[in-house]
Amino acid sequence: MSADTKIAELLTELHQLIKQTQEERSRSEHNLLNIQKTHERMQTENKTSPYYRTKLRGLYTTAKADAEAECSILRHALDKIAEIKSLLEERRIAAKMAGVYSDNDPPRKTMRRGVLMTLLQQSAMTLPLWIGKPGDSPPPLCGAMPASSDYVAKQGDKVAARVKAVDGDEQWILAEVVNYSHSTNKYEVDDIDEEGKERHTLSRRRIIPLPQWKANPETDPEALFSKDQLVLALYPQTTCFYRALIHTPPHRPQDDYSVLFEDTSYADGYSPPLNVAQRYVVACKENKKK
């Protein structure tokens, strides 16, 4: 089965799941309305009789079952979305290797700077939010959670890569994994902001995988960097990572970090607060502040 055919099938299944979600929500509204009316009657009568307690217990049991059913459908829909994104990424990589490009993913040597920045912004916005079940802990690469020690980034993954610049200095850049050699334990990566010839061969210690999920501050605050923590963050409108301090962690799932970049042109050595998406903030391997 071709990737296009599989994607079309998954989109049809996703559409059906969305319809099921709406049907499930509409079906549960009547029960939620009964809960509200029962509480209003209790307030009017200013008492909680055994009858009302029994009735509410039954209504809440039904509401819980309805919520779990809707949650199950939504999780199934999220799995379908993840499959679609994976297939689209596989298709993009295959086209890149074959030298075929689309309007949404032009070759880097012809890509205007503004287009690249827009694509990076879209990538940050569409990074999925980790939604665990009760009792689940955030997995590796969720927000600030590091990758496991044996993790190997896949072809097409975006990473922070430490490379040597033209002037001999080293810097952290945003790069895309081309492949990984298990025999040499080295990556080949492409600089996201240069032509295809800008390929680097780097050891694992020079690669930091980017988060694969956003962390929810409301449910998993431990998966976020904390205030004053030293990190590497992608400087706005560039493709380079620089050392920074967390000024304010996200308060809501859709929020960015507010960070202070190291900058000697300011009296205190740090820039004013700048916003950086969760996708482009990673742990700094250099623990000490300059």
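Residues numbered from 1 in each chain as written. Predicted model: local features only at pLDDT ≥ 70, side-chain atom pairs only at ≥ 80, totals over all residues. Heavy atoms only, no water.

### Thoughts on the UniProt feature "coiled-coil region" (unreviewed entry) in the chain
Note the threshold: UniProt positions are given in the numbering used here, feature names are shortened, and annotations may be inferred rather than shown by experiment. For the purposes of this entry, the term helix denotes a DSSP run of H or I that reaches at least four residues, the term strand denotes a run of E that reaches at least two, and both are numbered from the N terminus.
With numbering aligned to this structure, UniProt lists the feature "coiled-coil region" (unreviewed entry) at residues 7–38. Counting secondary structure, residues 7–38 comes out at 100% helix and 0% strand; the distance between its end C-alpha atoms is 46 Å.

### Describing the state of the cysteines
Heads up, the condition is: Defined by distance alone, a disulfide is two cysteine sulfur atoms within 2.5 Å.
This model, assessed by the stated rule, comprises zero disulfides. Here Cys-240 is not disulfide-linked; the sulfur of Cys-284 is the nearest cysteine sulfur, at 15 Å.

### Focus on the nonpolar core
Across soluble globular proteins, nonpolar side chains have a tendency to be buried as a group. Note the following rule: We define a nonpolar core as any set of buried Ala, Val, Leu, Ile, Met, Phe, Trp, Tyr and Cys residues linked to one another through side-chain atoms lying within 4.5 Å. The classification of residues rests on relative accessible area computed with a 1.4 Å probe and restricted to protein chains. Under 20% of the type maximum is buried, over 50% is exposed, and intermediate values are partly exposed. Residues count as neighbours in contact if any of their non-hydrogen atoms are within 4.5 Å of one another.
Counting 37 residues, the largest nonpolar core has Leu-174, Phe-241, Val-259, Tyr-280 and Val-281 as the members making the most contacts within it. Contributing elements (two or more residues each) for this core: helix 3 (113–125), strand 2 (170–181), strand 6 (230–234), strand 7 (240–248), strand 8 (257–261) and strand 10 (281–283). At five residues, the largest contribution of residues to this core is made by strand 6. Residues within four places of Val-281 in sequence aside, it is in contact with Pro-211, Phe-225, Val-231, Leu-232, Ala-233, Ile-246, Tyr-257 and Val-276. In this structure, Ala-153, Ala-161, Val-189 and Cys-240 belong to the second largest nonpolar core, which totals 13 residues.

### Describing the pairing of strand 8
The cut-off we apply is this: Pairing between two strands is assigned when DSSP locates at least 2 bridges connecting them.
Most of strand 8 sits inside the fold, with five of its five residues counted as buried. Alternating residues of strand 8 divide into Tyr-257, Val-259 and Phe-261 and Ser-258 and Leu-260, and every residue in both groups is buried. In this structure, strand 7 lies alongside strand 8, joined through four bridges in antiparallel fashion. Across the sheet, the residue bridging to Leu-245 is Leu-260, located in strand 8. Relative to strand 9 (residues 274–276), strand 8 is paired through three bridges, and the arrangement is antiparallel. Looking at strand 9, one finds that Tyr-257 is bridged to Val-276.

### Some details on the environment of Ser-203
Mapped onto the elements of the fold, Ser-203 is located in strand 4 (residues 199–203). The residues contacting Ser-203, other than those within four sequence positions of it, are Asn-185 and Lys-186.

### Points about the pairing of strand 1 (residues 158–164)
Judged by how many residues are buried, strand 1 sits mostly within the fold: five of seven residues are covered. Where strand 1 meets strand 2, seven bridges bridge the pair, whose relative direction is antiparallel. Counted as the bridge partner of Val-159 is Ala-175 from strand 2. Taken together, strand 1 and the strand that follows it, strand 2, pair antiparallel across an intervening segment of five residues, in which Gly-168 is found at a positive phi of about 95 degrees. The sheet contact formed by strand 1 and strand 5 (residues 207–209) spans three bridges and is antiparallel. Across the sheet, residue Ala-160 finds its bridge partner in strand 5, namely Ile-208.

### Some remarks on unusual backbone geometry
In the Ramachandran plot, Leu-141 falls in the positive-phi region, its phi being about 70 degrees despite a non-glycine side chain. Inspection of the secondary structure assignment puts Leu-141 in the loop between helix 3 and strand 1. Its relative accessible area of 5% is what places Leu-141 among the buried residues. The phi dihedral of Asp-228 falls on the positive side, at around 70 degrees, and the residue is not glycine. Mapped onto the elements, Asp-228 comes out in the loop between strand 5 and strand 6. For Asp-228, a relative accessible area of 47% puts it in the partly exposed group.

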